[in-house]
Structure formats: structure tokens, C-alpha cells
Amino acid sequence: MSILLPFLLAFAMPQQDAAAFLKQHLALAPTNAEAQAVRFRSAAIAGAYSEAREAAHAFLELRPGDPVGKHFLIWLDSRNPASGGLAFQEATSWLAEYGEDAQGAQEVIQLRNDLQVFLQQEELLQKAEAKARTFPALGLLFLGLLAWAGNRFVMRSSGD
Amino acid sequence: MILFAAFLAGFSALAIEVLGVHFVAPWFGASSLVWSNQIGVILFAMALGAAIGGRVAKKHSNPALASGLVLFVSGLLLAFSAFFLPLFADWFLPDALRLDEAATLFLGGSLTSALFFFAPPVFMLAMVAPLLVELRSVERGAGRAAGEISAMGTVGSLLGVFGTTFLGIPVLGVRHSLFGIAFLLVLVGLLLWRTKPSISKFTPVLILFLFWTPDLSVSANLPPGNPVVEQVADTPYQRLRTLRFDDGTWWLQMNEGVDSFQSIHKPDSTWPGSYYDLFVLAPIYAMEGRDGSAPFQFWTLGHGAGSAMEPLLAGIGTQDWSAVGVELDPKVLELSPKSKWGSRLQLVAGDARSLLRYAPKNLDLVLLDAYSRQFEIPLHLATQEFFSEVYGHLSDGGIFVANLSSSTLEEPNQSWLHALLSGVRHSFEDIRLHRVPFSRNVVLFARKGRPLPELETLVRLLPSGVPVEVGAACLPSQVVEQVPEISPLRDYLNPLALWQASEWLGGGRP
């Protein structure tokens, strides 16, 4: 496990403004793995996910097979609602492989919490989607029954 | 009385159709698809009611009594619908959904609401006309009776549409308008229904009781963070709600709310966050190479509560300026925090494109942040002709900036965003999209007559104190400058609604 992990993700964003961020970020050396890790960190924390993804790939090119690089990509996928489910599955297996020994314990806990919240939300959403699919058909049935009952009810008032 | 009953049935059916969409809007929105669901279901219920009403009219010994009974039951059903629908909608939608998650449920939710809650009273109302024709044809003959009943029903429908939009919703509100109609239906029904059981006389009292019950839509689809609801207003355009969070942050939400906002203000901060912060770049881009002597002039189309103002002014800096803010819904301007810029900012209520015709031809900046029904860009504000009109009102080097959804930006196939951007590119010399951090949006910048400044120069051009997220959005990988060129959206050929609907129906992320 790389020493970079806690350094990368447990730290808060340093106080700086957009111009300073931009200047510092653009100055990072493209051929240095640590610089790419810092680039990933600052971009990820500032929500620049395309930039963070580029940094993660650059990091993996410089350090092929380093689990930290893979973790970067999993973390990014978990932030994308479109790939969240798959990413969290990957995150689970990643945690099983590396998580217990990870020095960035805080990050591991956070990822686990995120995973739990995601799964709960997915379950709720799936239930609601099942309702959204089936209830219109029930509504149509209800309207048919109402037409039949309305006819009977009004005719009964005729007294014939 | 017979003609009035026909009038009332027509009035109520169309009022329910219009009010129904506004009523479900706090839960399921009021998009084109929700309108289609409501109109389709109401028409189906009317056809069914007319068919069954015709059968009953032929066989029933006393059509007057039957029509009274039908009006009475329709009023009762409507009152129950207005009371129970919010409970159903609260149960149907889970808490703490994001807008893009909730959007996949809106189609089924609105369809179910229309079928269970609005179709039944309209079905009953549609039974009335054949019964009244039967009743009146004894004296007048079938043709004349049908003509008179049909004419009164149509006049009622006409007033149902206009009266609801221009009087009912702004004066009584959506919920009370529905209870008011239910009350009227029950009263007229009781007058016509001569052999009514005595217990039915208490029905108007029951409806009055329901009228005063709490309105559950006030707290529908609240975002996380336990905000306090400060104000709620129904307008002919939408449902509006203002929220206050613990840290003092103020949100203006429309219709289904969820985690999205129409406008946002943070106390004692220039930066509302999200895409608003990126608007600081617009005057920075516009002022690059500009003669600095004249006041900076700009228009904001879709002004809302003016959340874009502070970031824009941060970019303008010490330069003198004047602005016009255009907002479609006058109630939005009314609910917004009071403008602190005096006569330098003129606020106008009206349609953005119509009013832009009166703009001067030397604006430095035009900002577009207009969405109808939460995530639908108004069709007439997305066409090549509109962008050409904007271009005509900008001075050389002027900037057009727009807040857009990025959902289809990366699509390999043609998308509505590609078509919209192709329309912009047709007029403007240079365009650039900045991805908004932590968001599903991109901000478009298009410049007239000159290229946009290089990204590296922003290190020098950005003023101090701009949030770091804006810097992140200016990184080369966060910027898109090349998009596929396809046929642009045109005033005479604009499939935007269809594209957005298919994206939504396909479970896409609006």
C-alpha cells in the first residue's frame, strides 16, 4: 500500500482561490507520479472529475499496477451517478483486498459509508420504479371498475 | 338550471384538467410529459363518461335526478382526490431523491395520479351532457337540445381554462380552487337530485372541513438539510417555494423541487455556488481587449432571484455597469430578496425573446438561464434564429453565456445539446463549455467577433477570492471546445421537446 493514500484523500483542501489553484495545478510535472497524485487529489476535491480521471490514468502509466491508481478510478466512478452501482461493487472488492490494511483508514470508512448510503438509496429507488411501472395499469383497471359501478349505481337510482 | 348544469360540468372538467397538473407539480413536476398524461387521461375519462352517460340516459326514468346524482358524486370524488392525492404522492416518492433519480418516477407517478384521482370525477362529469340532452330533447327535439347543451358545456370549458389560469390559481391557489369546484358541484348536484338521502346534506360541510385541512404540498420533496419553508405561492406558470437553511442560505424552488433550485442566495457571500460561480468568467472574457471607458452593459434572460448578479459583478470589478433582468414569472421577482443595486439594475417581467427585441445593439453580455418546468429549455430560446438575435444585440467581443445540462454532451450519437450548440456556432465565432464541478451542468460561453482568451491567461485575469471550483472548471480537461456539428434547432423545425422527452422516458439523466 502506497504511503500516498492518506496524504491524498484525508487532507482538506488548502485555502486558496481560483487563480492560485489554476496556477499551481497547471505547474505540476506531467512525468512525476507524485505530481500526478497531487493533481488527482486537488482536482477530485474541487470536483474537476475529468481532470482527476486524466491524472489517475497518468499516474497508472507511470506506476503500472499500483493499487492507489486503481483506487483513484474506483473513487471517481463512485462519484458518477451513471456508473455508481458498478463502481461500488468494485469498491467492495477493492476494500476486501486492500481496505483492512490501508493506512488511509478514514477514506476506507468514508467509502464504506458511501457504499451503504448508495445501496439503501438504490433499494428505495427500485421499489419506487416498480410502483411507477405497475400503478398506471391498476389505475386503468380502477377506472374500468368505476365505469361499471357508475353505470350500475346511477341506474339503481332510477328505481326501474 | 339544465343549461347551468351543462355549463358547470364543462367548466369543472377543464378546470380539473388544468388544476390537476398544477396540483401534482410539487411532487411530479409539470413537464410536457406530465401535461400529456393529464390531457390524455382526462380525454379518455370524458369519452368513457359520455358513452356510459348515453347508455344511462336511454334507460333512466328520470334524467334530471340522475344528472344531479352524477354531479354530486363527481364533487365528492373531487374533494376526496384533493385530500388524498398528497398522501398518495408522499408515499409514492421516497425521501431524499436527487432530481435525476426522481425524474424517472414522474411519468408513472403523474399517470397514476391522473387515473386514480382526476379521471373519476371527470368521468362522472362527462356523463352529465347525455343525460341533460335526453331531458331537454323532450321539449326541444334532439338536435336543438344537443346543440344547446354542447354550446353551454363548451362555454363552461372555455371559462374553466381561462378562469382557472387567470383567477383561480393566482387568487385562491390550486388546492382551494379544487375544493371550491367540488363544493359547487355538490351544491348543484343536491339541487337537481330531488330524492337525496338526508345524510348527503352534510357533504358541503365535509368539503368545507377538508378545505381548511393543512396543505401537505408545502413540504413535498424537500431537499436534505432540514430547511424551513418560508413562502409558497401558486402562479399561472408554476408552484414556487422559498426555503431557508440553518446557515442562512436561501433557495427559491419551483414545482417538484427535490435537490434543485431556481435561485440561491448565501448571506454575506458573493458566491452562491454551483454553476452561478462560473458566470464570473463571462465579463472577464468580454472585457479582454475591450475599450474600458463605456459602462459595461448586460442583460440576464431568466433572471430569477438574481443569483447570477454577484458573480457577474465580481468579474466586472470596478467598472461602471448597467443591467436589465428579464424574468417570465412576476411572482419570482416578488418573492426574491430586494435588489440592492437601485436603478442600475432594471427588472422586467415577460418573455425573454420578445423583450430582447427592445435591447440595445451594443450589449457586452447576454446571460441565458431560462428553464421551463425545471429541466426543459424553452423551445424558442434554443434555436439558431434566437442565437442570431442575441448575436445582433452584442457589441464586438461581447459574450453570450448560458447554463445548460451536460447529460448528452458525451453522446456518440446526435443529441439535443449538439443541435443547440450547432445553432450557437452558426452565429458566434468562438464557443467554449466549462464543466461545472459537482454538477450535471455545463456553462457555455460564446464570443462575437473575436476568439475567447486562452485558458492559461485566466491565471492572470481571474480576480482574487474567486472560489477554487471556478479554477477547477478552467482546467483544460474540464473544458470542451469541439462538439459535433449537426443540424441546428430552428424556429420552424424544432424537435427539442421530443429529444428531451425520449431522454427522460429512456431513464436518461435530465
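Residues numbered from 1 in each chain as written. Chains lettered and ligands numbered in written order. Predicted model: local features only at pLDDT ≥ 70, side-chain atom pairs only at ≥ 80, totals over all residues. Heavy atoms only, no water.

Trainee: For this particular structure, what's the right way to read the overall build of chain A?
Mentor: For chain A, the helix and strand inventory stands at seven helices and zero strands. Counted from the first residue to the last, chain A has its helices and strands arranged as α-α-α-α-α-α-α. Sorting the 160 residues of chain A into buried and exposed places 46% on the buried side. For chain A, contacts bridging at least 24 residues in sequence account for 54% of all contacts bridging at least 6. In the form shown here, chain A has an accessible surface area of approximately 8500 Å², with 58% of it arising from carbon and sulfur atoms. (Helix = DSSP H or I, 4+ residues; strand = E, 2+ residues; numbered from the N terminus. Buried < 20%, exposed > 50% of the residue type's maximum accessible area, 1.4 Å probe, protein only. Contact = heavy atoms within 4.5 Å. Areas by Shrake-Rupley, 256 points an atom, 1.4 Å probe, with all protein chains shown as cover.)

Trainee: I would appreciate a short explanation of a nonpolar patch on the surface in the present structure.
Mentor: All names here are of chain B. A contiguous nonpolar surface patch, about 520 Å² in accessible area, is contributed by Phe80, Phe84, Leu87, Leu206, Phe209 and Leu216. Looking at the nonpolar patch, the elements that each hand over two or more residues are helix 3 (63–92) and helix 7 (203–211). Ranked by residues supplied to the nonpolar patch, first place goes to helix 3 with three residues. Within the secondary structure, phenylalanine 84 sits in helix 3. (Patch = residues over 30% accessible without salt bridge, like charges linked within 9 Å, V, L, I, M, F, W, Y side chains within 5 Å. Salt bridge = Lys/Arg side-chain N within 4 Å of Asp/Glu carboxyl O.)

Trainee: Help me understand the pattern of salt bridges in this model?
Mentor: Oppositely charged side chains can pair when the atoms bearing their charge come close. All names here are of chain B. Per the stated rule, a full pass over the model turns up 21 salt bridges over all chains. Among the ionic pairs, arginine 244 bridges to glutamate 230, the shortest N-O distance being 3.2 Å. One end of the pair, arginine 244, is in strand 2 (residues 239–244); the other, glutamate 230, is in strand 1 (residues 228–234), and 14 residues separate them in sequence. Taken together, the shared-partner salt bridges in this structure form one network comprising Arg136, Arg140, Arg144 and Glu148.

Trainee: So what exactly am I meant to see when it comes to helix 3 (residues 33–45) of chain A here?
Mentor: Think of an α-helix as turning once every 3.6 residues; residues three or four places apart then point the same way. All names here are of chain A. Its 13 residues place the ends of helix 3 18 Å apart at the C-alpha level, agreeing with the 18 Å of an ideal helix rising 1.5 Å per residue. In terms of residue burial, helix 3 counts as a mostly covered element, since ten of its 13 residues are buried. Those residues of helix 3 that fall on the buried side of the exposure criterion are Ala33, Ala35, Gln36, Ala37, Arg39, Phe40, Arg41, Ser42, Ala43 and Ala44. Capping of helix 3 at its N-terminal end is provided by asparagine 32; its side-chain oxygen lies 2.8 Å from the backbone amide nitrogen of glutamate 34. The first or second residue beyond helix 3 is glycine 47, which carries a positive phi of 80°. (Expected span 1.5 Å × (residues − 1). Polar contact = N/O pair within 3.5 Å; in protein donor to acceptor, adjacent residues only side chain to side chain.)

Trainee: Explanation requested: the nonpolar core in the structure shown.
Mentor: Taken as a class, soluble globular proteins show a tendency for nonpolar side chains to be buried jointly. B:Phe28, B:Leu71, B:Leu105, B:Phe118, B:Phe123 and B:Met127 are the most contacted members of the largest nonpolar core, which totals 85 residues. Elements with a contribution of two residues or more to this core: helix 7 (105–156) of chain A together with helix 1 (2–28), helix 2 (32–59), helix 3, helix 4 (99–140), helix 5 (142–172), helix 6 (174–192) and helix 7 of chain B. Here this core takes 19 residues from helix 4 of chain B, the largest share from any one element. In this structure, B:Leu105 is in contact with A:Leu125, A:Ala128, A:Glu129, A:Ala132, B:Phe28, B:Phe92, B:Leu93, B:Pro94 and B:Leu97, ignoring residues within four places of it in sequence. Within the second largest apolar cluster, 66 residues are counted, among which are A:Ala37, A:Ala56, B:Ile316 and B:Leu455. (Core = buried A, V, L, I, M, F, W, Y, C linked by side-chain atoms within 4.5 Å.)

Trainee: So what exactly am I meant to see when it comes to the packing of aromatic side chains here?
Mentor: Two aromatic rings are characterised by how far apart their centres lie and by the angle between their planes. Per the stated rule, a full pass over the model turns up 37 aromatic pairs over all chains. Taking 3.9 Å as the distance between ring centres and 15° as the angle between the ring planes, the aromatic pair formed by A:Phe40 and A:Phe72 counts as stacked. In this pair, A:Phe40 sits in helix 3 while A:Phe72 sits in helix 5 (residues 67–78), placing the two residues 32 residues apart along the sequence. Assessed through its relative accessible area of 0%, A:Phe40 is described here as buried. Three or more aromatic residues joined by ring pairs form one cluster here, namely A:Phe135, A:Phe142, B:Phe28, B:Phe88, B:Trp91, B:Phe92, B:Phe106, B:Phe116 and B:Phe117. Positioned above the aromatic ring of B:Trp91, the side-chain terminus of A:Lys131 is 3.9 Å from the ring centre. (Phe/Tyr/Trp six-rings, centres within 6.5 Å; stacked < 30°, edge-to-face > 60°. Lys NZ or Arg CZ within 6 Å of the ring centre and 35° of its normal.)

Trainee: What is the right way to read the interface of chain B and chain A from this model?
Mentor: In many analyses, interface size is given as the accessible surface area lost on bringing the parts together. With 57 residues of chain B at the contact, the number on the chain A side is 43 residues. Of the roughly 4200 Å² buried at the junction of chain B and chain A (both faces included), carbon and sulfur atoms supply 75%. Counting across the interface, chain B meets chain A through zero salt bridges. Connecting chain B to chain A are eight residue pairs in polar contact (both at pLDDT 80 or more). (Buried area = accessible area lost by both parts, 1.4 Å probe.)

Trainee: Can you walk me through the environment of B:Gln482 in this structure?
Mentor: Relative to the elements of secondary structure, B:Gln482 occurs in the loop between strand 12 (479–480) and helix 17 (496–505). In sequence terms B:Gln482 and B:Glu385 are 97 residues apart; their C-alpha atoms lie 21 Å from each other.

Trainee: Which parts of the structure should I look at to understand the domain arrangement of chain B?
Mentor: Taken domain by domain, chain B holds domain 1 (2–216) and domain 2 (269–504). For domain 1 of chain B versus domain 2 of chain B, the distance between C-alpha centres works out to 43 Å. (Domains from an automatic or database assignment.)

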